[in-house]
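Summary of structural features
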Amino acid sequence: MNAATESIKERPSNDALLPLLERARRTSDYGEYMGLCRKRKRLKTGLPPELKSKSLRLAVLGSATTDFFEKPLQLELETHGIELSLHTAAYNSYAAEILNPDSETVAFKPDVAVLLTTPYSLGAWPRTGDSDSTVTDMVERYCDEWLQLCATLHASTHAEIVINNLHMLPTRPTGNLGCRLPWDPNNFLRRINQRLAEQAPQYVHILDIDMLATLHGLSNWFDARFWHHSKQPVSFNCLVPVSYT
């Protein structure tokens, strides 16, 4: 760690925060960024008035573990002068939290809600040889379910909704032929992404995870060990790009 970052340890909380945020804006190194997240947690202070441009109430829900997302997201928003008030729903409780008008998420009244989805939590996939119409019906059911949940949450909280699309799988069982087969797993995911983008209303914003995973490499983006161990949908190496976005 360089001298500027080390000096954070020696300063009072308010004096330490500014250089920490400046360093976070400049670094792209995962290890250093997470070290800054840990230092930020130890400061235990909100943004001082001279740094704060606004406050944001953010709810994070998902079909995967979202704990990994909290500290990097807080630090990233603070680099933009946004003080974060964060609510995270329990693992895979997003539907119940959204549909229950008395849930903690609805009571929190977020300004923005993030709904994290992942291809590894899809309950059903096309079968080999399924027709185009059968696959289209499956695509529509998934997208309509997610967008209806978004509509329900927006109606009860007036929150803007961020939902990610789905990255491709690192395997290609049908090779290049897959792009012509409606039931091919990656073709199925592409169709979901396309319909989701086409059907999303103005208050629903698409986080293009598919592009991020492509830019950083699928083998680097997803680590099966962390998914099976803790249902973490993004590898540690790619937590910072998610927070930036």
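The text that follows walks through the structure, step by step, so that each part is easy to find. No experiment lies behind these values; they were computed from the predicted model shown.

Analysis parameters
- Residues numbered from 1 in each chain as written.
- Predicted model: local features only at pLDDT ≥ 70, side-chain atom pairs only at ≥ 80, totals over all residues.
- Heavy atoms only, no water.
- Helix = DSSP H or I, 4+ residues; strand = E, 2+ residues; numbered from the N terminus.
- Rg over C-alpha atoms; globule rule 2.2 N^0.38 Å.
- Buried < 20%, exposed > 50% of the residue type's maximum accessible area, 1.4 Å probe, protein only.
- Contact = heavy atoms within 4.5 Å.
- Polar contact = N/O pair within 3.5 Å; in protein donor to acceptor, adjacent residues only side chain to side chain.
- Pairing = 2+ DSSP bridges.
- Axes fitted to C-alpha atoms, helices over the stretch in contact; angles between N-to-C directions.
- 1 Å grid on protein atoms, 1.4 Å probe; cavity = no way out; pocket = protein on both sides within 12 Å on 5 of 7 lines; lining within 4 Å.
- Points joined across faces, edges and corners; volume = space filled by probe spheres on them.
- Nonpolar A, V, L, I, M, F, W, Y, C, P; charged D, E, K, R; others polar.
- Disulfide = S-S within 2.5 Å.

On to the overall build of the protein. When you go through the protein residue by residue, the secondary structure sums to 12 helices and 5 strands. Taken over the C-alpha trace, the protein has a radius of gyration of 20 Å; the compact-globule value for 245 residues is 18 Å, and the two agree within 12%. With the C-alpha coordinates of the protein rotated into their principal frame, the extents come out at 65 × 40 × 30 Å. Sorting the 245 residues of the protein into buried and exposed places 50% on the buried side. If you take every contact in the protein between residues at least 6 apart in sequence, the share linking residues at least 24 apart comes to 73%.

This next bit is on the environment of Glu-78. With respect to the helices, strands and loops of the structure, Glu-78 is situated in helix H4 (residues 70–78). When the C-alpha atoms of Glu-78 and Met-211 are compared, they prove to be 25 Å apart, with 133 residues separating the residues in sequence. Setting aside its immediate chain neighbours within four residues, Glu-78 contacts Leu-17, Leu-21, Arg-40 and Leu-47. Separated by 2.6 Å, the side chains of Glu-78 and Arg-40 make a polar contact.

Before going further, it helps to spend a moment on the sheet that holds strand E3 (residues 112–116). Strand order across the open sheet formed by 5 strands is E2-E1-E3-E4-E5, with parallel pairing between neighbours. With partners counted over all chains shown, the strands left at the sheet margins are strand E2 (82–88) and strand E5 (204–207), one partner each. Each neighbouring strand pair of the sheet contributes to a mean axis angle of 25°, computed without reference to strand direction. Strand direction decides the pairing type here: strand E1 (residues 54–62) and E3, joined by 5 bridges, are parallel.

This model, assessed by the stated rule, comprises 1 cavity of 30 Å³ or more. If you add up the space inside the largest cavity, you get close to 120 Å³. If you go around the largest cavity, you meet 14 residues; those closest to its centre are Thr-117, Asn-164, Ile-209, Pro-233 and Val-234. Of the residues assigned to the lining of the largest cavity, the class counts are 9 nonpolar, 5 polar and no charged.

Turning our eyes to something else, we now look at the state of the cysteines. Within this structure, the stated rule accounts for 0 disulfides. Residue Cys-37 stays outside any disulfide, its sulfur separated by 15 Å from that of Cys-238, the closest cysteine. You can call Cys-37 buried: its relative accessible area is 5%. As a non-bridged cysteine, Cys-143 has Cys-150 as the owner of its nearest cysteine sulfur, 11 Å distant. For Cys-143, a relative accessible area of 0% puts it in the buried group.

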